[in-house]
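Geometric and topological summary
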Amino acid sequence: MPNKIFSRRTMLGATGLAAGGLLLDGGAAHGRTRDARRPAAPDEAWAKLREGNRRWAAGAAIHPHQDQARRSEVAQKQDPYAVVVSCIDSRVGPELIFDAGLGDLFSVRSAAQTIDPLVSGAIEYGPVELGTPLIVVLGHQRCGAVTAAAHALSEGTRLPGDLQRIVEDLRPAYKSARGDVDRMIRIHTTRTVAELKDGKLLGPRIARGRLKIVGAYYSLDTGLVSRVV
Ligand SMILES: [Zn+2]
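A brief structural summary. (Residues numbered from 1 in each chain as written. Predicted model: local features only at pLDDT ≥ 70, side-chain atom pairs only at ≥ 80, totals over all residues. Heavy atoms only, no water.)

**Looking at the overall build of the chain**
Across its full length, the chain holds 10 helices and five strands. For the chain, with 229 residues in total, the buried portion stands at 46%. Sequence separation of at least 24 residues holds for 68% of the intrachain contacts in the chain that already meet a minimum separation of 6. For the chain, the computed accessible surface area is about 11,600 Å², with 54% contributed by carbon and sulfur atoms. (Helix = DSSP H or I, 4+ residues; strand = E, 2+ residues; numbered from the N terminus. Buried < 20%, exposed > 50% of the residue type's maximum accessible area, 1.4 Å probe, protein only. Contact = heavy atoms within 4.5 Å. Areas by Shrake-Rupley, 256 points an atom, 1.4 Å probe, with all protein chains shown as cover.)

Below you can see the structure in the form of structure tokens.
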């Protein structure tokens, strides 16, 4: 039953996928390019991430896009629907906590999701080059980097090597939060969102409604992501 999507996929060399039941698994979003199932608008992309996160938190993850068919599908071209900027923490892997898979997310990670020009460039890549409609800056509960920075700042000590750079980046949030680690995590997330929104490349895309930047907080206890800003 050739239809428009089928024809295009065939043309792109995905015949194996079609034979493997691509057209039968309506629930899985196998989006090679910008077909109807790949969220194109910021709010749609956020809704999709929230749905995935609810599945994860409920212990009902479906692990989409993690098979050989998907690997073949995205081998030549990717078109993720969101950029997730999160901490290096081993407990906050974006594809896991949003129940997503291969080719779905640009994942940018640094300690306490701190950013500098190199990291900003990595965040800008998706929206600017591929039209990715959403950036999520994700802080998380009991962030070790934020906790260590708060401790160093309150004691007036310096961390060794480049670790001190992380501390310095978190200093404004520490001051605003008056040392409260959980508040510091949320404030730092909000500040990072504001910083990204001010970017020369991202600002105009936001103004045109083609991009949103959301700040969020991940609870290690519940597995749920809640919006901060
Ligand atoms: Zn962390």
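So that's the structure; there's more coming.
**Here's the deal with the coordination of the zinc ion**
Taken together, Cys87 (SG), His140 (NE2) and Cys143 (SG) make up the protein donors of the zinc ion, found 2.0 to 2.3 Å from the metal. Donor residues binding the zinc ion come from one chain and are separated in sequence as C-x52-H-x2-C. Of this pair, Cys87 sits in the loop between β1 (82-86) and α5 (94-97) while His140 sits in strand β3 (residues 134-140), placing them 53 residues apart in sequence. Its relative accessible area of 3% is what places Cys87 among the buried residues. Classification of His140 as buried rests on a relative accessible area of 1%. (Donors = N, O, S within 2.8 Å, 3.2 Å for Na, K, Ca; no water.)

**Regarding the pairing of β3**
If a strand is regular, its side chains alternate between the two faces of the sheet. Among the seven residues of β3, seven are classified as buried, and the element is accordingly described as predominantly covered. Residue alternation in β3 divides its side chains into two sets, Leu134, Val136, Leu138 and His140 and Ile135, Val137 and Gly139, and both sets are buried. As defined by bridge partners, β1 adjoins β3 across four bridges and the pair is classed as parallel. In the sheet register, Ser86 faces β3, and the bridge partner there is Leu138. Summarising the sheet, β3 and strand β4 (residues 212-218) pair through seven bridges and their orientation is parallel. If you follow Val137 over to β4, its bridge partner there is Gly215. (Pairing = 2+ DSSP bridges.)

**Focus: the packing of helix α7 (residues 144-155) against helix α9 (residues 181-197)**
Orientation of α7 relative to α9, taken along the N-to-C sense of each, is 115°, at an axis distance of 10 Å. Here α9 runs roughly perpendicular to α7, going by the angle between their axes. Seen from above, α7 lies across α9 with right-handed handedness. Across the interface between the two elements, Val146, Thr147, Ala149 and Ala150 of α7 pack against Val181, Met184 and Ile185 of α9. Tallied by class, the residues present in the contact of α7 with α9 amount to six nonpolar, one polar and no charged. (Axes fitted to C-alpha atoms, helices over the stretch in contact; angles between N-to-C directions. Parallel < 35°, antiparallel > 145°, perpendicular 65-115°, else oblique. Left-handed = near helix turned anticlockwise from the far one by under 90°. Nonpolar A, V, L, I, M, F, W, Y, C, P; charged D, E, K, R; others polar.)

**Description of a positive patch on the surface**
A surface patch of positive charge is lined by Arg50, Arg54, Lys197 and Arg227. The topology assignment puts Arg50 in helix α3 (residues 42-57). Of the residues examined, Arg50 reaches a relative accessible area of 35% and is grouped as partly exposed. (Patch = residues over 30% accessible without salt bridge, like charges linked within 9 Å, V, L, I, M, F, W, Y side chains within 5 Å. Salt bridge = Lys/Arg side-chain N within 4 Å of Asp/Glu carboxyl O. Lys, Arg positive; Asp, Glu negative; His and termini not counted. Charge placed at Lys NZ, Arg CZ, Asp CG, Glu CD.)

**Considering the side chain of Gln141**
By secondary structure assignment, the location of Gln141 is in the loop between β3 and α7. What makes Gln141 buried here is its relative accessible area of 13%.

**Re the environment of Leu170**
With respect to the helices and strands, the residue Leu170 is situated in helix α8 (residues 163-177). With 21 residues separating them in the primary sequence, Leu170 and Arg191 have C-alpha atoms 10.0 Å apart. Setting aside its immediate chain neighbours within four residues, Leu170 contacts Ala112, Thr114, Ala145, Val146, Ala149, Met184 and His188.

**As for the sheet that holds strand β5 (residues 225-227)**
Here we have five strands laid out as an open sheet, ordered β2-β1-β3-β4-β5, and mixed in their pairing. Both edges of this open sheet fall to β2 (105-109) and β5, since each of them pairs with a single strand only. Strand-to-strand twist in this sheet, taken as the mean axis angle between neighbours without regard to direction, amounts to 30°. Packing of α9 onto the sheet brings it into contact with β3 and β4, and relative to β4 it is tilted by some 165°.

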